[in-house]
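Results of the structural survey
Here is how the chains run, residue by residue.
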Amino acid sequence: MELQALPSRIGQVRRIVSAQLRYWHMDSLIDRASLGVTELLSNVHRHARPDKTCTVEMELQLDRLKVSVRDHDPRLPVVADAGPLATCGRGLAMVAAMSESWGAVPDGESGKVVWFTLPTPSATAPASWDRRPLLTAGERADRRFAEVALVEHTTEGHRPEPAPARSAVPG
């Protein structure tokens, strides 16, 4: 999404990032992704020239989330060594501390891209919508599903009617 890196827009971008991560079922990444995108957009607001126009991109890769901010200022950011009483200068250090990796690369003649990555939730714990029944050791696949049969009840003078089908699927 393209935007002006103004304080009022930064909050909107945080909400959009949160909503997208919820849609992707990656709620555990919301806080860190929101913090990272806030810091990168704050840097554009504070330092970018000639304008504050930038583009935020979120890319879901195989095992990580990549968030990048592209602006029109070719100067690459520098991690500052903020003193204990400094009121600014810690943003990139926070991004570096909370992310898996981060970086900045020139983007053509007049711009740059600053990005960070976060590891996605473990592939060993699938989301609840992706869980499938598993066989236990020694359980045969053909025993997992019972045959469905119609049961007929007969009484004198009445036509037999089939009972509802029933399944004995475990679980």
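Residues numbered from 1 in each chain as written. Predicted model: local features only at pLDDT ≥ 70, side-chain atom pairs only at ≥ 80, totals over all residues. Heavy atoms only, no water.

What about the side chain of S99?
- Tracing the backbone through its elements, the reader meets S99 in the loop between helix 3 (91-98) and strand 4 (101-106).
- Taking relative accessible area as the criterion, S99 reaches 12% and is therefore assigned buried.
- From its side chain, S99 meets the backbone oxygen of V95 in a polar contact 2.7 Å long.
- A distance of 3.3 Å separates the side chain of S99 from the backbone oxygen of S101, its partner in a polar contact.
- Setting aside residues no more than four positions away along its own chain, S99 makes contact with F116, T117 and L118. (Helix = DSSP H or I, 4+ residues; strand = E, 2+ residues; numbered from the N terminus. Buried < 20%, exposed > 50% of the residue type's maximum accessible area, 1.4 Å probe, protein only. Polar contact = N/O pair within 3.5 Å; in protein donor to acceptor, adjacent residues only side chain to side chain. Contact = heavy atoms within 4.5 Å.)

Focus on the pairing of strand 2 (residues 53-60)
- As defined by bridge partners, strand 2 adjoins strand 3 (residues 64-71) across seven bridges and the pair is classed as antiparallel. Across the sheet, the residue bridging to C54 is D71, located in strand 3.
- Between the end of strand 2 and the start of strand 3, which pair antiparallel, lie three residues. (Pairing = 2+ DSSP bridges.)

Things to note about unusual backbone geometry
- You will see that H25, though not glycine, has its phi angle at about 60°, which is positive.
- Here H25 shows up in the loop between helix 1 (7-23) and helix 2 (30-47).

Some words on the environment of L65
- Here L65 shows up in strand 3.
- With 54 residues separating them in the primary sequence, L65 and P119 have C-alpha atoms 6.3 Å apart.
- In contact with L65, not counting residues within four places along its chain, are L21, W24, L29, A33, M58, E59, L60, F116, T117, L118 and T120.

Some points on the packing of helix 1 against helix 2
- At a closest axis distance of 9 Å, the pairing of helix 1 and helix 2 adopts a crossing angle of 150°. In terms of their interaxial angle, helix 1 and helix 2 are classed as roughly antiparallel. Here helix 1 and helix 2 pass one another in a crossing that is right-handed. Packed against helix 1, whose contacting residues are P7, I10, V13, R14, V17, S18, L21 and R22, the element helix 2 presents I30, A33, S34, V37, T38, L41, S42 and H45 at the interface.
- Here the residues of the contact of helix 1 with helix 2 sort into nine nonpolar, five polar and two charged. (Axes fitted to C-alpha atoms, helices over the stretch in contact; angles between N-to-C directions. Parallel < 35°, antiparallel > 145°, perpendicular 65-115°, else oblique. Left-handed = near helix turned anticlockwise from the far one by under 90°. Nonpolar A, V, L, I, M, F, W, Y, C, P; charged D, E, K, R; others polar.)

In short, geometric facts, not functional conclusions.
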